[in-house]
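Observations on the model geometry
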Amino acid sequence: FSDSSLGFGLELSPLDPSCWDDPRSENLSEMTKHFLNGLPPGIDLQFVLDVGQGNKTILSKHQELSKSDVEIARELALSRTERYRLLESDRLLPKYVLRLFVRRHISAALIKKKHLFSGKKCFEAISEDHLNQELSQTEKLRCEITQALKSLEIEKGGSDIAASPE
C-alpha cells in the first residue's frame, strides 16, 4: 500500500446467528473475542459487507425445481421463482458479500524517507531478501487468520481478493 504496509483481502461466508440459541451465540462471542485479542500488534482489520444484486444463479437453481412431475410442486416453484425475480429486479432481494481486509505494518521501512535537501530518486533500492521476508510473514498471517475464521465457522467463501502489496 502507499504507506508501505502489506495486506490481503478475503471473501467470507457471512453468518446469520439471529436464530441461534443462547449457548451457541455466547460461544461465538467468546471465540470472536479470543480471535481478536490473539492478533499480533500492528494489524488492521476491516470488515466490509457489500449489499447488492446477484441472486440470478440461485433463482435459476430454484426454477429447476419446477421440473417436478407433481403439478402442484411445479406450479409452486414457478410462482415462487417469478415472485423472487420481481423482487430481484426491484432490488428488494439483496445478496450479501462479506469481505475482510487485513493490513500489517512492516518491521522496518523498505524505502527510506527523503531528507530535506535530498534529490528525488527514481528507483529506490529495496532489499529483495527483506521484501521476501515481509511477504512470507504476511502469508503466514493470512494462513493463521484463515484458520481462526474456520474455527469461528466463518469459512472463506471465495478466493483471496489480494495477496500481494499494491
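Okay, so let's go over this structure. (Residues numbered from 1 in each chain as written. Predicted model: local features only at pLDDT ≥ 70, side-chain atom pairs only at ≥ 80, totals over all residues. Heavy atoms only, no water.)

**Side note on the overall build of the protein**
When you go through the protein residue by residue, the secondary structure sums to four helices and four strands. Its helices and strands taken in sequence order, the protein reads β-α-β-α-α-β-α-β from the N to the C terminus. Buried residues in the protein amount to 22% of all 166 residues. A separation threshold of at least 6 residues defines the contact pool for the protein, and within that pool the share at least 24 residues apart is 81%. When the accessible surface of the protein is totalled, it reaches about 12100 Å², and 54% of it is carbon and sulfur. (Helix = DSSP H or I, 4+ residues; strand = E, 2+ residues; numbered from the N terminus. Buried < 20%, exposed > 50% of the residue type's maximum accessible area, 1.4 Å probe, protein only. Contact = heavy atoms within 4.5 Å. Areas by Shrake-Rupley, 256 points an atom, 1.4 Å probe, with all protein chains shown as cover.)

**Observations regarding the packing of aromatic side chains**
Throughout the structure, instances matching the rule amount to zero aromatic pairs. Above the plane of the ring of W20 lies R24, whose end atom (NZ or CZ) is 3.9 Å from the centre. Above the plane of the ring of Y84 lies R83, whose end atom (NZ or CZ) is 5.2 Å from the centre. (Phe/Tyr/Trp six-rings, centres within 6.5 Å; stacked < 30°, edge-to-face > 60°. Lys NZ or Arg CZ within 6 Å of the ring centre and 35° of its normal.)

**Here's the deal with the pairing of strand 3 (residues 95-104)**
Sheet topology note: the strand 1 (residues 6-12)/strand 3 ladder contains seven bridges and is antiparallel. Note that in strand 3 the partner of F8 across the bridge is V102. Two strands pair when backbone bridges link them, and strand 2 (residues 43-52) and strand 3 are joined in this way by 10 bridges, in the antiparallel orientation. The partner of L45 across the bridge, within strand 3, is V102. (Pairing = 2+ DSSP bridges.)

**Re helix 4 (residues 128-151)**
Counting along an α-helix, one turn takes 3.6 residues, and residues three or four places apart therefore face a common direction. With 24 residues, helix 4 should cover 34 Å at 1.5 Å per step; its first-to-last C-alpha distance of 35 Å lies within 8% of that length. Along helix 4, the positions that sit buried rather than exposed are H130, E134, T138, L141, R142, I145, T146, A148 and L149. Positioned one or two residues after helix 4, E153 has a phi angle of 65°, which is positive. (Expected span 1.5 Å × (residues − 1).)

**A word on the pattern of salt bridges**
One pass over the structure, following the stated rule, counts five salt bridges. The closest approach of N and O atoms between R99 and D50, which form a salt bridge, is 2.1 Å. Remark: D50 occurs in strand 2 and R99 occurs in strand 3; sequence separation between them is 49 residues. The partner of R104 in a salt bridge is E134, and the shortest N-O contact between them spans 3.0 Å. Linking R104 in strand 3 with E134 in helix 4, this pair joins segments that are 30 residues apart in sequence. Each member of the pair R104 and E134 is classed as buried. Ionic contacts of the salt-bridge type, sharing partners, join the residues E11, D50 and R99 into one network. (Salt bridge = Lys/Arg side-chain N within 4 Å of Asp/Glu carboxyl O.)

**Description of the nonpolar core**
L12, F35, V102, I145 and L149 are the most contacted members of the largest nonpolar core, which has 17 residues in total. Breaking this core down by element, the ones donating at least two residues are strand 1, helix 1 (22-37), strand 3 and helix 4. Top contributing element to this core by residue count: helix 4, with four residues. Beyond its immediate chain neighbours, meaning those up to four positions away, F35 contacts L45, I145, A148, L149 and L152. (Core = buried A, V, L, I, M, F, W, Y, C linked by side-chain atoms within 4.5 Å.)

**Topic: the environment of L93**
Summarising the element assignment, L93 is placed in the loop between helix 3 (71-89) and strand 3. C-alpha of L93 to C-alpha of V51: the two residues are 42 residues apart in sequence and 9.7 Å apart in space. Aside from chain neighbours lying at most four places away, what touches L93 is G52, N55, Y84, L87 and E88.

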